[in-house]
Amino acid sequence: MKRIYLDYAATTPTHRDVVKAMLPYFSDSFGNPSSIYSYGQESKGAVEKAREQVANLISAHDEEIVFTSGGTEADNFAIKGVAYANPERNHIIISSIEHHAVIETCKFLEKRGFEITYLPVDKDGLVDPDDVRKTITDKTCLISIMHANNEIGTIQPIKKLATIAREAGVYFHTDAVQAAGQIPINVDDVGVDLLSMSAHKLYGPKGVGALYIRKGTRLVPFMHGGSQENDRRGSTENVPGIVGFGKATAIALEAMTGEIERQTRLRDHLITSILEQIDGVRLNGHPTKRLPNNVNVSIDYVEGESMLLNLDLENICASTGSACSSSSLEASHVLLALGLGHEQAHSSLRFTVGKWTTEEDINRVLEVLPKIVARLRAMSPLLKSHK
Ligand SMILES: *Cc1c(COP(=O)(O)O)cnc(C)c1O
């Protein structure tokens, strides 16, 4: 049975051309970019070319890109970096649907004297720009609101939010790990000061990412050590990873327009058909302001986890905002923030399509999912108690 991978938001396979670009930098051109001899300079050159490619994806300047070990480190760097560089200000504003990399970083700071505002979102997952405006005080040092949500795909009005921050003289960070490579981003057009990216979400390798830092932004280094990355992040560069990241961004940029159209079509086909074929289904996230690849539904009276296990038996990979998938018993904080009850949050199912998803893959899901739901509902104590 062919495996149908519909969890591209969790991670993507590394593109074969990316792997090919990386290979020479393991055993052949393995020199340390900090070494003076030409061998090291070869690696240095490769890193700088990748920096240009990554910068190009978001229309930034090369020197505004700092490579990190991933999206999580980029988020930590942005938030802690600004928090500790601006000691006279101790207030940070984030949304309540941020990735754990942002939320847990802020909780860490909260225990150390910072004040954190967790902004609510509406039923579709949108932050209200007026809420941001009203929450800013003269103690606010940073606003961090994600570009697109990893669970429900909702795309925030980043330009509006960043403009409010700028007018108030407050730094604006966005976690663009899900948006980068999928939808167009121009950092000057939207006016963000800091932006996080991760390679493995855009067909690059795992363990490498980047933080865009607008020229002139005050933040302290997060990883102390050598003078790599222009004194902003110590540690010998992950040369093959960085090269792969660069190549992946170049491929993403080239394929973007076509992929947006193709994936949106698959997404909408899946959403429309699930809503048609199964009753008691709710679409989570904004109907139109959403990532081209994201489908998230709550299916009444069935548990997300049970659906996942049954889909797995059919060799279909998906995800849920429920229990064990996240190794915790809590329902997704994102779905709860939309106003869903615990039952609805636990009955959520996320499919994220990608570069190699086909129409047949979607049709296969539509063939098996209604049967799985019917079978599970027939056994559901939840459904019985509602009858
Ligand atoms: C995956 C993800 C991260 C974490 O990135 P890593 O490279 O896995 O550390 C952060 N934010 C969002 C929105 C993500 O989807």
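When helices and strands are counted, the protein chain shows 15 helices and 12 strands. In terms of overall size, the protein chain behaves like a compact globule, its C-alpha atoms giving a radius of gyration of 22 Å where 387 residues would be expected to give roughly 21 Å. Overall, the protein chain is about 70 × 50 × 35 Å in size when its C-alpha atoms are taken along their principal axes. Counting over 387 residues, the protein chain shows a buried share of 57%.

Below, the discussion takes up the domain arrangement of the protein chain. Segmentation of the protein chain into domains returns domain 1 (4-11 + 257-385) and domain 2 (16-251). On a C-alpha basis, the centroid separation for the pair domain 1 and domain 2 is 29 Å. The interface of domain 1 with domain 2 comprises 29 residues on the first partner and 29 residues on the second. Across the domain 1 to domain 2 interface the summed buried area is about 2,300 Å²; carbon plus sulfur atoms make up 56%.

Turning next to helix H10 (residues 239-277). End to end, H10 covers just 49 Å across 39 residues, shorter than the expected 57 Å (1.5 Å per residue, more than 12% under). Of all the bends in H10, the greatest, near 60°, is centred on Met256. Where H10 starts, the residue carrying a side-chain oxygen 3.0 Å from the main-chain nitrogen of Gly241 turns out to be Asn238.

Here we take up the pattern of salt bridges. In the structure shown here, the tally under the stated rule is 19 salt bridges. For Glu367, the salt bridge goes to Arg364, with nearest N and O atoms at 3.1 Å. One end of the pair is Glu367 and the other is Arg364, both in helix H14 (residues 359-379) and 3 residues apart, which spans about a single turn. Among the residues examined, Arg364 registers a relative accessible area of 22% and is labelled partly exposed.

This part takes up the packing of helix H4 (residues 71-85) against helix H5 (residues 100-110). In the contact formed by H4 and H5, the axes pass within 9 Å of each other and the chain directions differ by 30°. At the point where H4 passes H5, the crossing takes the right-handed sense. Together, Thr72, Asp75, Asn76, Ile79, Lys80, Ala83 and Tyr84 of H4 and Ala101, Val102, Thr105, Cys106, Phe108 and Leu109 of H5 make up the contact between the two elements. Here the residues of the contact of H4 with H5 sort into 8 nonpolar, 3 polar and 2 charged.

What follows deals with the packing of aromatic side chains. Scanning the model with the defined rule gives 7 aromatic pairs in all. A centroid spacing of 5.3 Å and a plane angle of 85° characterise the contact between Phe30 and Tyr39, whose relative ring orientation is edge-to-face. For Phe30, a relative accessible area of 52% translates into the label exposed. Feature note: the residues Tyr5, Tyr8, Tyr203 and Trp356 constitute an aromatic cluster, connected by ring pairs. The side chain of Lys355 reaches across the aromatic face of Tyr203, ending 5.4 Å from its centre.

Attention shifts here to the pairing of strand E4 (residues 115-119). Across 5 bridges, strand E3 (residues 91-95) lies against E4 in parallel orientation. By the bridge assignment for E4, Ile92 is matched with Ile116. This β-α-β element, E3 to H5 to E4, shows right-handed connectivity.

Conventions adopted
- Residues numbered from 1 in each chain as written.
- Predicted model: local features only at pLDDT ≥ 70, side-chain atom pairs only at ≥ 80, totals over all residues.
- Heavy atoms only, no water.
- Helix = DSSP H or I, 4+ residues; strand = E, 2+ residues; numbered from the N terminus.
- Rg over C-alpha atoms; globule rule 2.2 N^0.38 Å.
- Buried < 20%, exposed > 50% of the residue type's maximum accessible area, 1.4 Å probe, protein only.
- Domains from an automatic or database assignment.
- Contact = heavy atoms within 4.5 Å.
- Buried area = accessible area lost by both parts, 1.4 Å probe.
- Expected span 1.5 Å × (residues − 1).
- Bend = angle between axes of the 7 residues up to and from the residue.
- Polar contact = N/O pair within 3.5 Å; in protein donor to acceptor, adjacent residues only side chain to side chain.
- Salt bridge = Lys/Arg side-chain N within 4 Å of Asp/Glu carboxyl O.
- Axes fitted to C-alpha atoms, helices over the stretch in contact; angles between N-to-C directions.
- Left-handed = near helix turned anticlockwise from the far one by under 90°.
- Nonpolar A, V, L, I, M, F, W, Y, C, P; charged D, E, K, R; others polar.
- Phe/Tyr/Trp six-rings, centres within 6.5 Å; stacked < 30°, edge-to-face > 60°.
- Lys NZ or Arg CZ within 6 Å of the ring centre and 35° of its normal.
- Pairing = 2+ DSSP bridges.
- Right-handed = clockwise from strand over helix to strand, strands pointing away.

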